[in-house]
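Structural features, examined
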2 protein chains.
Amino acid sequence: MTAAELWKRYKKHLCKVTPLGFTLDISRMDFPDGFLKSMEPAMQDAFAAMDQLEAGAIANPDEGRMVGHYWLRNADLAPKPELQKAIRDTVEDVKAFATAIHKKDIIPPNAAKFTDVLSIGIGGSALGPQLVSDALGVKRDKMKMHFIDNTDTDGIHRTLEGLGSKLKSTLVLVISKSGGTPEPRNGMIEAEAYFKAKGHVFSKHAVAITGDGSKLDEHAKSNGWLKRFPMWDWVGGRTSVMATVGLVPMALQGIDIQKFLDGAAKMDGATREPTTKKNPAALLALMWHHATNGKGDKDMVVLPYKDRLLLFSRYLQQLVMESLGKEHDLNGNVVEQGIAVYGNKGSTDQHAYVQQLRDGVDNFFVTFVVGLQDTARPLKPEDAVEVDPGVTAGDYLNGFWQGTRTALYDKGRGSVTITVKKVDVQTLGALIALYERAVGFYATLVNINAYHQPGVEAGKKAAAAVLDVQHAAVSKLTDTPQTADDLANAIGNPDAAEPIHHIMEHLAANKRVKKSGSKYSAL
Amino acid sequence: MTAAELWKRYKKHLCKVTPLGFTLDISRMDFPDGFLKSMEPAMQDAFAAMDQLEAGAIANPDEGRMVGHYWLRNADLAPKPELQKAIRDTVEDVKAFATAIHKKDIIPPNAAKFTDVLSIGIGGSALGPQLVSDALGVKRDKMKMHFIDNTDTDGIHRTLEGLGSKLKSTLVLVISKSGGTPEPRNGMIEAEAYFKAKGHVFSKHAVAITGDGSKLDEHAKSNGWLKRFPMWDWVGGRTSVMATVGLVPMALQGIDIQKFLDGAAKMDGATREPTTKKNPAALLALMWHHATNGKGDKDMVVLPYKDRLLLFSRYLQQLVMESLGKEHDLNGNVVEQGIAVYGNKGSTDQHAYVQQLRDGVDNFFVTFVVGLQDTARPLKPEDAVEVDPGVTAGDYLNGFWQGTRTALYDKGRGSVTITVKKVDVQTLGALIALYERAVGFYATLVNINAYHQPGVEAGKKAAAAVLDVQHAAVSKLTDTPQTADDLANAIGNPDAAEPIHHIMEHLAANKRVKKSGSKYSAL
């Protein structure tokens, strides 16, 4: 297309959400003229399915659950008065708790106030808080965030040691719906031991965010933790950033949670629009469908031209891939769906892998995110620097985005561009809400359940089986050196020779069994 | 295959590098029996090409350059005595400079010593230092690292403001081979202005790492900066972590750069092995070839089960994608090569996107990285915690890796596993060297130049064109509101209407032009 045709196409398809200063540009995707019309019946089905979901249908049939994350920012939508009340009361409770911490109404035993927050959680209980903290954090935050998001001994200890003299003034959030997920449980046990070893009473630092009556809930209650916040079974982990999981750390950091919810609510309003061309989430889902042939044929590269959105792609990896990466469709057919997501930020990534995007294997489409204001708050005059006469660093950033968009288009690589006025708390809420809705629409377009994660359970079971083998094999260690095969036979499971090999190599490296050649014995 | 067959296959193909406590397991890739044999002639060609490269051939023909990153850890290899001397002298110079900073022989004007390092660079001048800093950093580091790696006004100011009271004791590294790359240049200009505004003399904090005689070199010389370190044209940006680019920040942080170089040198020794089955870089390249049909048909998912290697995949995105993502082969044919790389860490990612890897679209292979020792240095006894009787957090991590490897294999998803004794400075050097060599081998297998990046230049030119349009259009702004089309006509370039629209929207959001409807005027 000529420049004039592209400019016309840009204006024709531009989707605006005026209250949010938001636009979605799909002009650089190569969908043909009839595409939107051909998809319209399917899109209307997706709108209808979403209406039912929002009204409280069992939208997650495998787990027999409602899917209520949209209610979190508009409690009126929730299908029962008690849910509405729980949502409203909890938001107020989060605000009140954060205020009590900030005002020193709640203080640690060995310090004048809480200064830092250590969040222990994994998956949806980590990625949202990490995104929010990194995207919105500033030097003057009320509290500084730290994260344990794995069961890596070294990583856990590096984080704990990194707290240094702030340990005594650190508030610990343990986030786990069931309380049984090993990673946060192990992190909690390590943190408890560390606080104790340093002479601090863990329970006087600890807050539980968990399902009512879970193991963690019972543990927190019986140990007299500072506070317990609920996690509801109608909010999935990957959409929990607007529930207590995200709101508690956010409020503690000093971020206005109401503006976050309001940003999402405004985007929800725009993405309930039943006219496809006016609905940015519908258009986004349709672009994914077009780019990937509705089968994940291409990867989604997410390139925000803004440092604060560095973790957005990592957040979307979970939201998109865990929602859409499914073996079966809703009719039980094997479909192996999904869309792979990766990316960091522009223009930085232009100096990393955009070489391949421009010249190499043509297996992706790009989503640019552009923030028009160079800073969310105006710079002080003395900080507003020209790097060339009349040109700012931000002009270069804008130029690099435009240059890359054009360079990719010229090579037949498609892109969509999301433009926001500024990257602030309202915008972040809106962007998350946009993708939550787009994922829901897309799932209907390809007829899958976006709200379960059966493959995660399989991985957990496989890991538990490995630990069972470890227990059994370790019990058979003696002073006589034995091979992995010997130990596998000794436990009556010859098929376990290779897992036992890996287990013993791990134990030997940590000086918990003796190794000589390829044989192992008790210490 | 049965468990017994898999265990046999594991032992048959396991590739060990004993001096490094390193193994590569390719048993879970589904290459058939004859594959390695069928690739052997091509692999021998790759060995021969690598020998020539190491001997100083013009291995980057498009740019007429030698490719010398292997010499950096074994100066004897460099083809000229003056190069050998330059390499050795520079390593000593880096060590001496870091020592002088640590011993307070060099101090800032307004503080007793330098405590922090701000590194300004992008691409290869950022990703290596960021990986090293994150992978090896500990609380007791001699200096704390900070990075500016973009031309994002907000990101730059957040980093500068984040230095707080440490600004006066911050040493600034400006890293840019040409000195003309806009991102580090803009970062430098912003930092200079910020230091000045806070009453500090930038030159007394500043160190240049740049090509001899570059714009940056001249600027540093004429302004009396503390120090200038060389960047050589025979070291590409994405392989510069073992040149001054990586060594200077590393030494300042207090990390033993000699051990880093030694780790790489040991891996180089192992990957010069001409017997394919004993050469881990050759096997890795062959697995990439098998998995992707030598055409990038599948993505490379990198999953280290160790928090410290979180940024390894981001480092590899540049090393692999910028090296292999090429339009033309060495004969000028259009081939559109490359392999997409993404990943974060396990077991964390199991709670994010491993759902899709296991159940969803089958478009990837996985590289696991396992560290056998739970911590690089032994934990204090009081910190060694059992999370269940006889079970540590690290046992769970090992179990999750094994469980995921098995769960993926059971669904026909291939993986390779790299196992290292521990994640320390020597290992990190070795891992980087392994991938450098594998990338070089793979490039020969698919007949491309791994050492240039023509697409990056195209992006820069496109961006420069946008800034030219900005200058022209801004000069035509008057008190009379004009549309983007009006301005495009005014500058005699009607095709620039859309770029001008985006430029004006950006300027208007930053209150640098007046906007009314879709018309723009001067302030």
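Here the structure is a predicted model, which means the values were calculated and not measured.

Let's shift gears to the sheet that holds strand β7 (residues 227-231) of chain A. Residue and element names in this part refer to chain A. What the five strands build is an open sheet, ordered β4-β3-β5-β6-β7; its pairing is parallel. Sheet topology places β4 (144-148) and β7 at the edges, where each strand pairs with a single neighbour. When strand polarity is set aside, the average angle formed by the axes of neighbouring strands in this sheet is 20°. Across five bridges, strand β3 (residues 116-120) lies against strand β5 (residues 170-175) in parallel orientation. Residue pairing across strands places valine 117 opposite leucine 171, the latter belonging to β5.

The next thing to look at is a positive patch on the surface. A cluster of basic residues, Lys104, Lys113, Lys139, Lys144, Lys166 and Lys168 of chain A together with Lys104, Lys113, Lys139, Lys144, Lys166 and Lys168 of chain B, forms a positive patch on the protein surface. Tracing the chain through its elements places lysine 104 of chain A in the loop between α3 (81-102) and β3. Its relative accessible area of 47% is what places lysine 104 of chain A among the partly exposed residues.

What follows concerns the domain arrangement of chain A. Residues and elements named next belong to chain A. What the domain assignment reports for chain A is domain 1 (3-66 + 260-452), domain 2 (69-255) and domain 3 (455-521). Between the C-alpha centres of domain 1 and domain 2 there is a distance of 29 Å. Contacts between the two partners involve 36 residues from domain 1, matched on the other side by 33 residues from domain 2. Of the roughly 3000 Å² buried between domain 1 and domain 2, counting both surfaces, carbon and sulfur atoms make up 62%. Three residues stand out in domain 1 for area buried against domain 2, namely Met66, Leu261 and Arg308, and they jointly supply 22% of the buried area on that side. Taken together, domain 1 and domain 2 are joined by four salt bridges. As a salt-bridge pair, glutamate 322 and arginine 238 come within 3.1 Å of each other at their nearest N and O atoms.

The next point concerns the relation of the copies chain A and chain B. Under the fitted operation, chain A is carried onto chain B by 0.0 Å of movement along the axis and a turn of 180°, and the coordinates agree to an RMSD of 0.0 Å. Taken together, the turn and the small shift mark the pair as related by a two-fold rotation axis. Every residue of chain A has its C-alpha some distance from the rotation axis, and the shortest such distance is that of tyrosine 342 of chain A, at 3.1 Å. Both copies share a contact surface, since 100% of the interface residues of chain A are interface residues in chain B too.

Let us look at the interface of chain A and chain B. Of the residues lining the interface, 132 residues belong to chain A; the matching set on chain B comes to 132 residues. Both sides together, the interface formed by chain A and chain B hides about 11400 Å², and carbon and sulfur atoms give 53% of it. The interface formed by chain A and chain B includes 20 salt bridges. Here aspartate 395 of chain A and arginine 512 of chain B are joined by a salt bridge, their closest N and O atoms 2.6 Å apart. Counting across the chain A and chain B interface gives 82 residue pairs in polar contact (both at pLDDT 80 or more). A per-element tally of the side of chain A that touches chain B places helix α13 (residues 393-410) of chain A first, with 12 residues. Tallied by class, residues from the side of chain A that touches chain B come to 47 nonpolar, 45 polar and 40 charged.

Trans peptide bonds make up most of the peptide bonds, and negative phi angles are found at most residues other than glycine. Residue and element names in this part refer to chain A. A cis amide bond links glycine 346 to the next residue, serine 347, at an omega of -5°. Locating serine 347 in the fold gives a position in the loop between β9 (341-342) and α12 (354-359). A positive phi angle, close to 65°, is found at lysine 104, a residue other than glycine.

In the structure shown here, the tally under the stated rule is 29 aromatic pairs over all chains. Look at tyrosine 342 of chain A and tyrosine 353 of chain A: their rings are 5.8 Å apart centre to centre, the planes differ by 65°, and that puts the pair in the edge-to-face class. Separated by 11 residues along the polypeptide, tyrosine 342 of chain A in strand β9 and tyrosine 353 of chain A in the loop between β9 and α12 bring together distant segments of the chain. Note on accessibility: tyrosine 342 of chain A and tyrosine 353 of chain A belong to one class, buried. Taking the centre distance of 5.2 Å and the plane angle of 85° together, the rings of phenylalanine 47 of chain B and phenylalanine 441 of chain B count as edge-to-face.

What follows is about the side chain of asparagine 363 of chain B. Its place among the elements puts asparagine 363 of chain B in the loop between α12 (354-359) and β10 (364-371). Not counting residues up to four positions away in its chain, the partners in contact with asparagine 363 of chain B are Gly296, Asp299 and Ala340 of chain A together with Lys298 and Asp299 of chain B.

With that out of the way, let us pick up the sheet that holds strand β10 (residues 364-371) of chain A. Residues and elements named next belong to chain A. Read from one edge of the open sheet, six strands run β1-β2-β11-β10-β8-β9, paired in mixed fashion. Because the sheet does not close on itself, it has two edges, and the strands there are β1 (15-17) and β9. As defined by bridge partners, strand β8 (residues 299-305) adjoins β9 across two bridges and the pair is classed as parallel. If you follow valine 301 over to β9, its bridge partner there is tyrosine 342. Taken strand by strand, helix α14 (residues 425-445) contacts β2 (22-25), β10 and β11 (415-420), and its axis lies near 145° from that of β11.

Turning our eyes to something else, we now look at helix α9 (residues 257-271) of chain A. Residue and element names in this part refer to chain A. Given a rise of 1.5 Å per residue, 15 residues ought to cover 21 Å, and the 21 Å separating the end C-alpha atoms of α9 matches this to within 8%. Here α9 has its buried residues at Ile257, Phe260, Leu261, Gly263, Ala264, Met267, Asp268, Ala270 and Thr271. Sitting at the head of α9, aspartate 256 places a side-chain oxygen 3.0 Å from the backbone nitrogen of glutamine 258.

All names here are of chain A. By secondary structure assignment, the location of arginine 73 is in the loop between α2 (35-54) and α3. Only 2.6 Å separates the side chain of arginine 73 from the side chain of aspartate 268, close enough to count as a polar contact. Setting aside anything within four residues of it in sequence, one finds arginine 73 in contact with Met242, Leu261, Ala264, Ala265, Asp268, Ala433 and Glu436.

Thresholds applied
Residues numbered from 1 in each chain as written. Chains lettered and ligands numbered in written order. Predicted model: local features only at pLDDT ≥ 70, side-chain atom pairs only at ≥ 80, totals over all residues. Heavy atoms only, no water. Pairing = 2+ DSSP bridges. Helix = DSSP H or I, 4+ residues; strand = E, 2+ residues; numbered from the N terminus. Axes fitted to C-alpha atoms, helices over the stretch in contact; angles between N-to-C directions. Patch = residues over 30% accessible without salt bridge, like charges linked within 9 Å, V, L, I, M, F, W, Y side chains within 5 Å. Areas by Shrake-Rupley, 256 points an atom, 1.4 Å probe, with all protein chains shown as cover. Salt bridge = Lys/Arg side-chain N within 4 Å of Asp/Glu carboxyl O. Lys, Arg positive; Asp, Glu negative; His and termini not counted. Charge placed at Lys NZ, Arg CZ, Asp CG, Glu CD. Buried < 20%, exposed > 50% of the residue type's maximum accessible area, 1.4 Å probe, protein only. Domains from an automatic or database assignment. Contact = heavy atoms within 4.5 Å. Buried area = accessible area lost by both parts, 1.4 Å probe. Least-squares fit on C-alpha atoms with pLDDT ≥ 70 in both. Polar contact = N/O pair within 3.5 Å; in protein donor to acceptor, adjacent residues only side chain to side chain. Nonpolar A, V, L, I, M, F, W, Y, C, P; charged D, E, K, R; others polar. Phe/Tyr/Trp six-rings, centres within 6.5 Å; stacked < 30°, edge-to-face > 60°. Expected span 1.5 Å × (residues − 1).

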